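# A look at the structure
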Amino acid sequence: QGLARNCRLMTDLVITPVSGPWQETLLYEVAAMAIMGAASGTCGLIGPRSNAGVNPAHVSGLESRFMAEVAHAAAGISREEANQMVCHLVEKYEPVIDKRPMGKPFQEVYDIKTLKPKADWLAVYDAVKEELEHLGLVLS
C-alpha cells in the first residue's frame, strides 16, 4: 500500500496458493490474494500458481478466470471492506493450509477434448463465487 500511495512504480502480485484444482481452498486463497492486491493498488496479478507451482499438471485455468473476476470486482473497494472479506476467506483455508490440499490434475478437472471445466470443478467454482457475492463482492 505504501508503494502504491507514495511511488509511481507499477507493482505486480504473484498469487501462489498452496491448494490445487478441485479444492474450495484454492479458490478461497486466490480470492483473498486478489482482493488484497486490488484494494492495495497493485497494477497486475500474476498466476495463480496452484499447488505453489510444484505439482505437474495441477493447474486448470478456471482459477485464473476466477482471479480476474474477483480482482475486477474488488477494484475500488476500500481497504477496510477488503480486510473484512480477506479475514473471512483466510478462516476458510487456514485450517488446511499446512496440509497443502493437492486437488486433482488438469486431465481430471477439465474435459481434454473440449478444454472446458468438468461439472464437478465448475460446481465448486460456482459455490465459492456465490459465497463471495454474499460477502458483498459483485462478480460478473
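This report concerns the structure included in the present document. (Residues numbered from 1 in each chain as written. Predicted model: local features only at pLDDT ≥ 70, side-chain atom pairs only at ≥ 80, totals over all residues. Heavy atoms only, no water.)

### So, the packing of aromatic side chains
For the record, the criterion: Note on ring pairs: Phe, Tyr and Trp rings are taken, using the six-membered ring of Trp, and paired if centres are within 6.5 Å. Classes follow the plane angle, with under 30 degrees stacked, over 60 edge-to-face and the rest tilted. Helix and strand assignments come from DSSP, with helices taken as H or I runs of at least 4 residues and strands as E runs of at least 2, each series counted from the N terminus. Throughout, exposure labels follow a simple rule: accessible area from a 1.4 Å probe, protein chains only, divided by the maximum for the residue type, with under 20% read as buried, over 50% as exposed, and the rest as partly exposed. Any Lys NZ or Arg CZ that is within 6 Å of a ring centre and within 35 degrees of that ring's normal is treated as a charge sitting over the ring.
According to the stated counting rule, one finds two aromatic pairs in the structure shown. Seen from their ring centres, Phe66 and Tyr125 are 5.9 Å apart, and the 75° between their planes marks the pair as edge-to-face. Here Tyr125 lies in helix α6 (residues 119-134) and Phe66 lies in helix α3 (residues 62-74), a separation of 59 residues in the sequence. An identical accessibility class is assigned to Phe66 and Tyr125; each is buried. Look at Phe106 and Tyr110: their rings are 4.9 Å apart centre to centre, the planes differ by 25°, and that puts the pair in the stacked class. Of the residues examined, Phe106 reaches a relative accessible area of 22% and is grouped as partly exposed. Its guanidinium or amino end placed over the ring of Trp22, Lys104 lies 3.7 Å from that ring's centre, counting from NZ or CZ.

### Notes on unusual backbone geometry
Residue Gly47 is joined to Pro48 through a cis peptide bond whose omega torsion reads 0°. Examined against the element boundaries, Pro48 turns out to sit in the loop between β2 (44-46) and α3. A positive phi is found at Asn51, a non-glycine position, where the angle reads about 55°. Examined against the element boundaries, Asn51 turns out to sit in the loop between β2 and α3.

### Here we look at the packing of α3 against α6
So the rule is basically this: To get an axis, fit a line to the C-alpha atoms, keeping to the stretch in contact for a helix; angles then go from 0 to 180 degrees between the N-to-C directions. Should an angle lie under 35 degrees it is considered roughly parallel, over 145 roughly antiparallel, and from 65 to 115 roughly perpendicular; all remaining angles are considered oblique. Here is the rule for handedness: rotate from the far helix to the near one, and if that takes an anticlockwise turn smaller than a right angle the crossing is left-handed, while a clockwise turn gives right-handed. Any two residues whose heavy atoms approach within 4.5 Å are treated as being in contact. Charged means Asp, Glu, Lys or Arg here, nonpolar means Ala, Val, Leu, Ile, Met, Phe, Trp, Tyr, Cys or Pro, and polar covers whatever is left, Gly included.
The N-to-C vectors of α3 and α6 enclose an angle of 15°; their axes lie 11 Å apart at closest approach. Taken together, α3 and α6 sit at an angle that is classed as roughly parallel. Helix-helix and strand crossings are classified by hand; for α3 and α6 the assignment is right-handed. Seen from α3, the contacting residues are Leu62, Glu63, Arg65, Phe66, Glu69 and Val70; seen from α6, they are Trp121, Leu122, Tyr125, Val128, Lys129 and Leu132. Tallied by class, the residues present in the contact of α3 with α6 amount to eight nonpolar, no polar and four charged.

### Digging into the pattern of salt bridges
Our working definition: Should a side-chain nitrogen of Lys or Arg be within 4 Å of a carboxyl oxygen of Asp or Glu, the pair is scored as a salt bridge.
Taken as a whole, this structure holds three salt bridges when the rule is applied. The closest approach of N and O atoms between Glu69 and Arg65, which form a salt bridge, is 3.7 Å. Residue Glu69 and its partner Arg65 are located together in helix α3, separated by four residues, close to a single helical turn. Residue Glu69 is classed as buried on the basis of its relative accessible area of 14%. Arg65 sits in the partly exposed class, given a relative accessible area of 40%. Here Glu69 ties to Lys129 by a salt bridge, and the two come within 3.9 Å at their closest N and O atoms. With Glu69 in helix α3 and Lys129 in helix α6, this residue pair connects regions lying 60 residues apart in the sequence. Neither residue differs from the other here; Glu69 and Lys129 are each classed as buried.

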